[in-house]
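Tertiary structure, described
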Amino acid sequence: MQVTETLNEGLKRKLSVTIPAADLNSRLEAKLAELKGQANIKGFRPGKVPTSHLKKVYGRSAMSEVMTDAINSTVSDTLDERKERAATQPKVDLPQDQTVINDVLDGNADLAFEVEYEILPPVSLMDIKGIKLEKPVVEVTEEEVEAEVNRVFNQNRGYTDKGDGAVVEDGDRLGLSFVGKIDGVAFDGGTSDHAHLTVGSGEFIPGFEEQLIGQKKDETRTITVTFPAEYQNKELAGKEATFDVTILHVDGPNQGELDDDFAKRLGLEDVAALRKAVREQMEAALVSMGRQHMKRQVLDALDDGHKFDVPAQLVDAEFNTIWQRVEHEIQSHGRSFADEGTTEEEAREQYKRIAERRVRLGLVVAEIGNVNEVQVTDEEHQQALIAEVRRFPGQEQQVYDYYRKNPQALASLRAPIFENKVVDHIIDLGEITDKSVTRDELAKLIEAGEEDVPEEHHH
């Protein structure tokens, strides 16, 4: 076997490889010997077919299999010898000329081909000890716990239909239909045949719920509201709209007290236990938000501390994944780049940078994990699968089967666990300062840290 390097530029490599005909022929003999035991050919007893006859019957097809095997093993042996790891499957260019290929298949010519690939760059790690991190600390106030306990109470105390002569009061739960119009023309997303709303919950835009008070079941009224200036749909923000609203049914809250009996209905000992459970849930949610912000700081520090070229093929693949989602978002929401205050060119540039950052961080995280022997246990992998299956109520079996049949998809569930364990390892070694923030400040920090990418799973 002969290997000549024809390109070595950054991470790109190109090799010329020749496998001698003698080598292919001895591989073919081994292949035919294997076939000899299995071949079932008329007029010959099993295992007694002469090799020359096998060659006549199977020659070319056996040789093409031999050729494929020889190419694969040669490429992987060559990379091992060169101590290189290819970023993606190396691209093999065979001779285009069919007569040349036929000569090889007949065992009369050496096989010469080109291999192109990009290598994974060696990653030299920054010192990950003592990275400065701010840990956001949010105090849960008594008022917040009280408000949340009341919300749980209102949600769970149940409602009873107030019947035909019902009049809407604050706190009632309504079924309603409506048509929203701007300048007399119905607008997208402003119509519903049967929506639900608890009056006073602030779920609908300001002014909407208050104007329903006093309206009767089956009555239709037209109300006027103004969309908030910072409304997420820019086309509606700040505009005045009318809604023709019909009340379909009115359910009044059941009378009852926020007492130990109510807590027992929820499976808790008493009101004190309910308050404690609510507080713990709120605190756990804040801890998890705080950790998300710290993870962002860790990834930023790793991004700052590692500057090296990454394989273009990996960046392109990551970019294409992101870009498909961007296009899907834009088409499904009927938005344009101009609505987002950008152009397609600028958006491409921005997402290209994000793709490159993700690939680089992926390589860095993998290297830190290897060096520090971070492992994902089978149990953790199994838990991730169960969590994934639970996301699809009613389709659990199909989702489970899908992962069982797709080892690659199953392996992809490992990646986020591995990344989180590496991040935890770095946080453990970090220099951490507590920083008191409000819940809103923490939410803003997280929002600012979310790369502006339509998300599914991060890898």
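**Considerations on the overall build of the protein chain**
A count of helical and extended segments in the protein chain gives 13 helices and 11 strands. Expected size for 459 residues packed as a compact globule is a radius of gyration near 23 Å; at 33 Å, the protein chain overshoots this value by more than 25%. Within the protein chain, contacts between residues at least 6 apart in sequence are counted, and of these 72% link residues at least 24 apart. A total accessible area of about 27,500 Å² is found for the protein chain, and carbon and sulfur atoms account for 48% of it. Side chains of the protein chain carry 55 positive and 89 negative charges; the gap between the two charge centres is 7 Å.

**Some remarks on the nonpolar core**
Counting 45 residues, the largest nonpolar core has Leu-302, Tyr-351 and Ile-426 as the members making the most contacts within it. Of all the secondary-structure elements, those providing two or more residues to this core are helix 6 (271-305), helix 7 (312-332), helix 8 (344-371), helix 9 (378-390), helix 10 (396-405) and helix 12 (414-429). Excluding anything up to four places from it in sequence, Ile-426 contacts Ile-128, Ile-131, Val-298, Leu-302 and Ile-368. Within the second largest apolar cluster, 28 residues are counted, among which are Leu-15, Ile-41, Met-63 and Leu-105.

**Concerning the environment of Met-282**
Take Met-282: it is sitting in helix 6. Note: C-alpha distance between Met-282 and Val-140 (142 residues apart in sequence) is 7.4 Å. Not counting the four nearest positions on each side in its chain, Met-282 is found in contact with Val-140, Glu-144, Val-145, Glu-148 and Arg-439.

**Considerations on helix 13 (residues 439-449)**
By the burial criterion, the buried members of helix 13 are Leu-442, Ile-446 and Gly-449. An end-on view of helix 13 places all buried positions within 65° of arc, on one side of the element. Projecting away from the buried face of helix 13 at angles above 90 degrees are the exposed residues Asp-440, Lys-444, Glu-447 and Ala-448. Residues of helix 13 that are buried in the fold lie against strand 5 (132-137) and helix 6.

**Notes on the environment of Pro-253**
Examined against the element boundaries, Pro-253 turns out to sit in strand 10 (residues 240-253). For the pair Pro-253 and Arg-358, spaced 105 residues apart in sequence, the C-alpha separation works out to 50 Å. For Pro-253, the contacting residues outside a window of four places in its chain are Arg-157, Gly-158, Tyr-159, Gly-171 and Asp-172.

**Quick look at unusual backbone geometry**
A negative phi angle is the norm for most residues apart from glycine, just as the trans form is the norm for most peptide bonds. Even without a glycine there, the phi angle at Lys-83 is positive, about 55°. Look at Asp-218: it is not a glycine, yet its phi comes out positive at around 70°. Along the chain, Asp-218 falls in the loop between strand 8 (185-198) and strand 9 (220-226). Taking relative accessible area as the criterion, Asp-218 reaches 55% and is therefore assigned exposed.

**Here's the deal with the pattern of salt bridges**
Using the criterion set out here, one finds 34 salt bridges in the structure. For Arg-296, the salt bridge goes to Asp-300, with nearest N and O atoms at 3.4 Å. Taken together, the positions of Arg-296 and Asp-300, both in helix 6 and four residues apart, correspond to about one turn of that helix. For Asp-300, a relative accessible area of 29% translates into the label partly exposed. Asp-316 serves as the salt-bridge partner of Lys-352, at 3.1 Å between the closest nitrogen and oxygen.

**Some thoughts on the confidence of the model for the protein chain**
Mean pLDDT over the protein chain stands at 90; residues scoring 70 or higher make up 98%. Counting interchain partners and residues more than four positions distant, the pLDDT-below-50 stretch residues 454-459 has 17 contacts.

**Some details on the sheet that holds strand 4 (residues 111-118)**
Strands pair in a sheet through their backbones, by hydrogen bonds, and they do so in one of two ways: parallel or antiparallel. With antiparallel pairing, four strands are arranged side by side in an open sheet as 1-2-4-3. The open sheet is flanked by strand 1 (2-9) and strand 3 (91-93), the only strands paired with a single partner. Taking the axes of each pair of neighbouring strands and ignoring which way they run, one obtains an average angle of 20° across the sheet. Bridge count between strand 1 and strand 2 (residues 12-19): seven bridges; the pairing is antiparallel.

**A short note on the packing of aromatic side chains**
The way to describe two aromatic rings as a pair is by their centre distance and the angle between their planes. One pass over the full model with this rule turns up 13 aromatic pairs. Between the aromatic rings of Phe-178 and Phe-208, the centroid separation amounts to 6.1 Å while the plane-to-plane angle is 75°, which identifies the pairing as edge-to-face. Residue Phe-178 is found in strand 7 (residues 173-182), and its partner Phe-208 is found in the loop between strand 8 and strand 9; the two are separated by 30 residues along the sequence. For the residue pair Phe-178 and Phe-208, the accessibility class agrees, reading buried in each case. Judged by centre distance (5.7 Å) and plane angle (10°), the rings of Trp-323 and Phe-337 are stacked. Note that Trp-323 is positioned in helix 7 and Phe-337 in the loop between helix 7 and helix 8, a separation of 14 residues in sequence. For the residue pair Trp-323 and Phe-337, the accessibility class agrees, reading buried in each case.

**Here we look at the environment of Val-250**
With respect to the secondary-structure elements, Val-250 resides in strand 10. On a C-alpha basis, the gap between Val-250 and Gly-107 in space is 86 Å, while along the polypeptide they are 143 residues apart. Ignoring any residue separated from it by four or fewer positions in sequence, one finds Val-250 in contact with Thr-160, Asp-161, Lys-162, Gly-163, Ala-166, Val-167, Val-168, Asp-172, Arg-173 and Leu-174.

**Looking at the side chain of Ser-177**
Position of Ser-177 among the secondary structure elements: in strand 7. Residue class for Ser-177 comes out buried when judged on its relative accessible area of 17%. Those residues in contact with Ser-177, other than ones at most four positions away along the chain, are Ser-192, Asp-193, Asp-244, Val-245, Thr-246 and Leu-248.

**Considering the packing of helix 7 against helix 8**
In the contact formed by helix 7 and helix 8, the axes pass within 8 Å of each other and the chain directions differ by 130°. When the interaxial angle is binned, helix 7 and helix 8 end up oblique. By crossing handedness, the relation of helix 7 to helix 8 is classed as right-handed. Contact residues: Leu-314, Val-315, Asp-316, Glu-318, Phe-319, Ile-322, Trp-323 and Val-326 in helix 7; Glu-344, Ala-347, Arg-348, Tyr-351, Lys-352, Ile-354, Ala-355, Glu-356, Arg-358 and Val-359 in helix 8. Classifying every residue of the contact of helix 7 with helix 8 by side-chain character gives 11 nonpolar, no polar and seven charged.

The rules behind these values
Sequence order as written defines residue numbering, which begins from 1 separately in each chain. Only residues with pLDDT of at least 70 get local features here, since the model is predicted, and only at 80 or more are side-chain atom pairs given and counted; chain-wide, interface and lining totals rely on the full set of residues. Excluding hydrogens and water, the side-chain values take into account all heavy atoms of the structure. Secondary structure counts use DSSP, requiring at least four H or I residues in a row for a helix and at least two E residues in a row for a strand, with both numbered from the N terminus. It is over C-alpha atoms that the radius of gyration is taken, and the globule rule equals 2.2 Å times the number of residues to the power 0.38. Any two residues whose heavy atoms approach within 4.5 Å at even a single point are treated as in contact. Areas reported as accessible are Shrake-Rupley estimates using a 1.4 Å probe. Residue values count occlusion only from the protein chains shown. Two residue types count as positive, namely Lys and Arg, and two as negative, namely Asp and Glu; His and chain ends fall outside the count. Every charge is mapped onto a representative atom, which is NZ of Lys, CZ of Arg, CG of Asp or CD of Glu. Side-chain atoms within 4.5 Å link the members of a nonpolar core, which is a set of buried Ala, Val, Leu, Ile, Met, Phe, Trp, Tyr and Cys residues. Exposure is judged per residue with a 1.4 Å probe applied to protein chains only, and the accessible area is read against the type maximum: over 50% gives exposed, under 20% gives buried, and values in between give partly exposed. The directions from the helix axis to the C-beta atoms are what the arc is built from. Here, a salt bridge means any side-chain nitrogen of Lys or Arg that lies within 4 Å of a carboxyl oxygen of Asp or Glu. Values of pLDDT, ranging from 0 to 100, describe the predictor's confidence in every residue of the model. Think of it this way: DSSP has to see at least two bridges between two strands before they count as a pair. Only C-alpha atoms enter the line fits that serve as axes; for helices the fit covers just the stretch in contact. Angles between N-to-C directions range over 0 to 180 degrees. Put simply, two rings from Phe, Tyr or Trp (the six-membered ring, in Trp's case) pair if the centres are within 6.5 Å, and we call them stacked under 30 degrees between planes, edge-to-face over 60, tilted for the rest. The scheme is simple: roughly parallel for angles under 35 degrees, roughly antiparallel for over 145, roughly perpendicular for 65 to 115, oblique for anything else. When the near helix sits turned anticlockwise from the far one by under a right angle, the crossing is termed left-handed; a clockwise turn instead gives a right-handed crossing. Classes in brief: Ala, Val, Leu, Ile, Met, Phe, Trp, Tyr, Cys and Pro nonpolar; Asp, Glu, Lys and Arg charged; the others, Gly included, polar.

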